[in-house]
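# Remarks on the overall topology
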Amino acid sequence: MILARAAVAVFLVVNLAAVHVLFLFGRPPAYNLIGAAGRLLGLYLAFALAVQVLLISRLPLLDRSFGMDRLTRWHRRTGLTVFWLALLHPAWVIVGFARAGRDPVPATALTLAKQWPVLLGMIAVALIVLVVALSIRAARRRLSYEAWHAVHLLLYAVLVLGLIHQYVEGTAFRTNLATKLYWWGLWAFVLGALLANRVIVPLVRNSRHRLRVAAVVPESDDVVSVHVTGRDLEKLGARAGQFFLWRFPGHNRWWQVNPFSLSAAPNGRSLRLTAKAVGGTTAGLRDLPVGSRVFAEGPYGAFTLDRRARTATLLIAGGIGVTPIRSLLEDPRIGDDVIVLYRVRGGSDAVLLGELRNLAAARGARLHLLTGRTGPGNQPFHPDRLRAMVPDITDRDVYVCGPAALTEAVLAGLRRLKVPSRQVHAELFRLAG
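Residues numbered from 1 in each chain as written. Predicted model: local features only at pLDDT ≥ 70, side-chain atom pairs only at ≥ 80, totals over all residues. Heavy atoms only, no water.

### Regarding the pairing of strand 10 (residues 397-402)
Within strand 10, six of the six residues are buried, leaving the element largely enclosed by the surrounding structure. Side chains D397, Y399 and C401 project from strand 10 onto one buried face, and the interleaved V398, V400 and G402 project onto a second face that is buried too. Bridge count for strand 7 (residues 313-318) against strand 10 is five bridges, and the pairing is parallel. Bridge pairing in strand 10 links L314 to V398. Relative to strand 11 (residues 424-428), strand 10 is paired through five bridges, and the arrangement is parallel. Residue C401 lies in a different strand from strand 11, and its bridge partner there is E427. Taking the sense of rotation as the criterion, the β-α-β connection linking strand 10, helix 14 (residues 404-416) and strand 11 turns out right-handed. (Buried < 20%, exposed > 50% of the residue type's maximum accessible area, 1.4 Å probe, protein only. Helix = DSSP H or I, 4+ residues; strand = E, 2+ residues; numbered from the N terminus. Pairing = 2+ DSSP bridges. Right-handed = clockwise from strand over helix to strand, strands pointing away.)

Structure follows, in structure tokens:
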């Protein structure tokens, strides 16, 4: 992970330095400082877009080193950076031209919009604003995961429009052969990583493994497990705690994809996912015909025992976040010094509880079922309560998966207890199913 951090830092520093070199020696236009600043913001925007594409390209180095949760946070922050740069870049350029020509800003904007490369850039900005507006918390709550994911596909249109805009308008990239090779070499690497990891590798893997639904098992009124079989599954390299992006052709449309963790440790013969009905796709999983095709991208995520720093382990699950926790408990490498805390509102909500009990008994692990509403008299993840249940908590690796509120409460408690950060591994509920 240290080498991965160093590689990321070097990549960012070197490319940001190159961006400034392009700005200084890229034959800047003769208009004022406001326009020049807008031009620099445009270079920042182009590089931020390249970084954003890398973050969604599923580069194995990034995924295995940092985990999907951390990459998701970086993706969100980079997305906000892209949003503000997409607003500021054209605004400053337009104002710069208006000042240089002593024309009103609206008239200048209309004049520039008549140039088709500029118009394409403006359309890209409008699409970015739309995607960000639908991603803020208030709007996100009203969208299903499938709808939210479909809206994000508009960003590929943004990418195409942005590349055309850069090619035609980007004078800084056309200064000489070196600048051309650098800039388009960067984009060749970025787009190559996206195409290889999001298209070519999944197509090859699914063609090779030929995944099919083997069984559909209702676990409760709103939770279902889907067992998947295929050829040579041991060659997938999946680990307990990881997840796949699942598509079910015929059940949902090609752009509808859901991230579900493995709810059982991979055994080379089958994979199992367990999902709660929170959207149209997940609600219909119990109607999947046995034998139907499955298309999966993955495995993804660093929520595995590969990152463990201690031999003793504490597993904390909340709700349907129990799925990767259950698979970790089944992993033979976990040993026999394990404590499991399973937080649910009531006993009837404890999905896979019977399996957890059987695995805990087989391993000699201690399992605590924490029920009831959280309140002044019931705060299961208060530091004092955590220490009472797990006196040696600072000597354990802690794996946490559940809803965001639960995960944040646990992480806050672990910080107060001074559990070393390298021993804390978290996976958010949305990636667990």
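### Describing the environment of A214
One can find A214 in strand 1 (residues 212-218). The class of A214 is partly exposed, set by a relative accessible area of 34%. A214 has contacts with H227, V228, T229 and V290, leaving out every residue within four places of it along the chain. (Contact = heavy atoms within 4.5 Å.)

### Quick notes on the sheet that holds strand 6 (residues 295-300)
Ordered by their spatial adjacency, three strands build an open sheet running 4-3-6, and the pairing between neighbours is antiparallel. Both outer strands of the open sheet, strand 4 (258-261) and strand 6, are each paired with one neighbouring strand and no more. Across this sheet, the average inter-strand angle for adjacent strands is 30°, counted without regard to direction. As judged from the four bridges shared by strand 3 (residues 243-247) and strand 6, these two strands associate in the antiparallel manner. Its bridge partner being in strand 6, W246 is matched across the sheet by A296. (Axes fitted to C-alpha atoms, helices over the stretch in contact; angles between N-to-C directions.)

### Topic: the packing of aromatic side chains
Centre distance and the angle of the planes are the two values used to describe a pair of aromatic rings. Across all of its chains, the model carries eight aromatic pairs by this definition. Positioned over the ring face of Y300 is R58, at 5.1 Å from the centre of the ring. (Phe/Tyr/Trp six-rings, centres within 6.5 Å; stacked < 30°, edge-to-face > 60°. Lys NZ or Arg CZ within 6 Å of the ring centre and 35° of its normal.)

### A word on unusual backbone geometry
The residue after G298, namely P299, is reached through a cis peptide bond having omega 5°. Here P299 lies in strand 6. Backbone geometry places K418, a non-glycine residue, at a positive phi of 65°. By the element assignment, K418 lies in the loop between helix 14 and strand 11.

### Some details on the packing of helix 2 (residues 33-55) against helix 9 (residues 177-209)
Where helix 2 contacts helix 9, the axes come no closer than 8 Å and their chain directions differ by 25°. As the angle between them shows, helix 2 and helix 9 are arranged roughly parallel. Relative to helix 9, helix 2 is oriented so that their crossing is left-handed. Residues L43, A46, F47, L49, A50, V53 and L54 of helix 2 touch helix 9, and the partners they reach there are W183, L186, W187, F189, V190, A193 and L194. For the contact of helix 2 with helix 9, the per-class residue count stands at 14 nonpolar, no polar and no charged. (Parallel < 35°, antiparallel > 145°, perpendicular 65-115°, else oblique. Left-handed = near helix turned anticlockwise from the far one by under 90°. Nonpolar A, V, L, I, M, F, W, Y, C, P; charged D, E, K, R; others polar.)

### A closer look at the packing of helix 8 (residues 154-169) against helix 9
How two helices pack is summed up by the angle between their axes together with the distance between the axes. Packing of helix 8 against helix 9 brings their axes to within 13 Å, and their N-to-C directions diverge by 160°. Classed by the angle they form, the pair helix 8 and helix 9 counts as roughly antiparallel. The interaxial crossing formed by helix 8 with helix 9 has left-handed handedness. Residues Y156, L159, L163, Q166 and Y167 of helix 8 form the contact with helix 9, whose participating residues are W183, W184, W187, L191, L194 and R198. Along the lines of polarity and charge, the residues of the contact of helix 8 with helix 9 split into nine nonpolar, one polar and one charged.

### Comments concerning helix 4 (residues 105-113)
Along helix 4, the positions that sit buried rather than exposed are T108, L112 and A113. Seen along its axis, helix 4 keeps its buried residues to an arc of 135°; they face one direction. Turned more than 90 degrees off the buried face of helix 4, the exposed positions are P106 and L110. In this structure, the buried residues of helix 4 make contact with helix 3 (60-101) and helix 5 (116-133). (Arc of directions from axis to C-beta.)

### Overview of the side chain of N197
Turning to its location among the elements, N197 is positioned in helix 9. Among the residues examined, N197 registers a relative accessible area of 15% and is labelled buried. Among the polar contacts listed, one links the side chain of N197 to the backbone oxygen of A193, at a separation of 2.9 Å. Residues within four places of N197 in sequence aside, it is in contact with S57, R58, L59, P60, P202 and Y300. (Polar contact = N/O pair within 3.5 Å; in protein donor to acceptor, adjacent residues only side chain to side chain.)

### Details of the sheet that holds strand 2 (residues 223-229)
Spatial strand order, 1-2-5: three strands in an open sheet with antiparallel pairing. Pairing within the sheet leaves two strands with one partner each, and these edge strands are strand 1 and strand 5 (270-276). Between one strand axis and the next, the sheet turns by 20° as a mean value, whatever way the strands run. Both strand 1 and strand 2 contribute to a ladder of six bridges, which runs antiparallel.

### Digging into the nonpolar core
In terms of nonpolar packing, the biggest core is built from 48 residues, with L43, I128, W183, W187 and V190 touching the most fellow members. For this core, the secondary structure elements donating two or more residues are helix 1 (2-25), helix 2, helix 3, helix 5, helix 8, helix 9 and strand 3. Looking at this core, the element that brings in the most residues is helix 2, giving 14 residues. Setting aside chain neighbours within four positions, we find I128 in contact with V82, F83, A86 and V158. (Core = buried A, V, L, I, M, F, W, Y, C linked by side-chain atoms within 4.5 Å.)

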